[in-house]
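This is what each chain is made of:
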Amino acid sequence: MDTTADPGAARPASSALTERQEARRRRILQASARLAGRGGFDAVQMREVAECSQVALGTLYRYFPSKVHLLVATMQDQLEHLHATLRRRPPAGDTASARVAETLMRAFRALQREPHLADAMVRALTFADRSVSPEVDQVSRQTTAIILDAMGTPDPTPGQLAAVRVIEHTWHSALITWLSGRASIAQVRTDIETACRLIGHTDPGGTGP
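Residues numbered from 1 in each chain as written. Predicted model: local features only at pLDDT ≥ 70, side-chain atom pairs only at ≥ 80, totals over all residues. Heavy atoms only, no water.

### Looking at the side chain of Q76
Part 1: Mapped onto the secondary structure, Q76 falls in helix α4 (residues 67–88).
Part 2: For Q76, a relative accessible area of 10% puts it in the buried group.
Part 3: Sequence-distant contacts of Q76, that is, excluding residues within four places in its chain, are made with Q138, V139 and Q142. (Helix = DSSP H or I, 4+ residues; strand = E, 2+ residues; numbered from the N terminus. Buried < 20%, exposed > 50% of the residue type's maximum accessible area, 1.4 Å probe, protein only. Contact = heavy atoms within 4.5 Å.)

### Here we look at the confidence of the model for the protein chain
Any segment with low pLDDT has predicted coordinates that should not be analysed in fine detail.
Part 1: Mean pLDDT for the protein chain: 89, with 89% of residues reaching 70 or above.
Part 2: Averaged pLDDT values over the elements of the protein chain bottom out at 94 in helix α5 (residues 96–112) and peak at 97 in helix α2 (residues 46–53).
Part 3: Note on residues 1–10: pLDDT under 50 across the span, and 21 contacts to partners over four residues away in sequence or across chains.
Part 4: Residue range residues 205–209 is modelled with pLDDT below 50. Its contacts to residues more than four positions away, or to other chains, number 10 contacts. (pLDDT = per-residue confidence, 0-100.)

### Things to note about the environment of A128
Part 1: Looking at the element boundaries, A128 is found in the loop between α6 (115–127) and α7 (133–151).
Part 2: In the structure, A128 is positioned 60 residues away from V68 in sequence and 6.4 Å away in space, judged by C-alpha atoms.
Part 3: If we ignore the near neighbours within four places in the chain, the residues touching A128 are V68 and V136.

Right, dumping it as structure tokens:
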């Protein structure tokens, strides 16, 4: 597997990209998702990503210093698209717990439709070291935003944020156990619904569950 970074490359900040650079980054992420969807983690080779996205290999490394950086960014991108879909069709549960559980199961089903891609992205998260912290933080922030939107809580208390972190950890763990064949869809749903019940036990005053 190709995870070697170009040590001399300076990564462009995504918030400071020009329109042309953003289009190039989009092509790279789309190529990464296509390759991962066909063959999983091992199918994503940096040279092939560069060829598929029509960028020079050195340019690719300036955007993403390694395959792990690229696949974690791909997960953030997939979650961003999912978030947009959820905003168009928000969950309909009567309680915050039910809405979050429905949202995360919809996210899970979306990943379930492309198991090779899901496996590649989750493996990248598992392999990520401190150098990938910015990309991992973006995945976490995107997941948090999805959960808070489902809760209908734009200004969460510390206790609610603590519950969200536990829910995120449970969702990630459920993905890993399902991908490894150690959990059924029914078990995944049970674990997610159990974790989501924490929302109902958070203190509105902010002291936590």
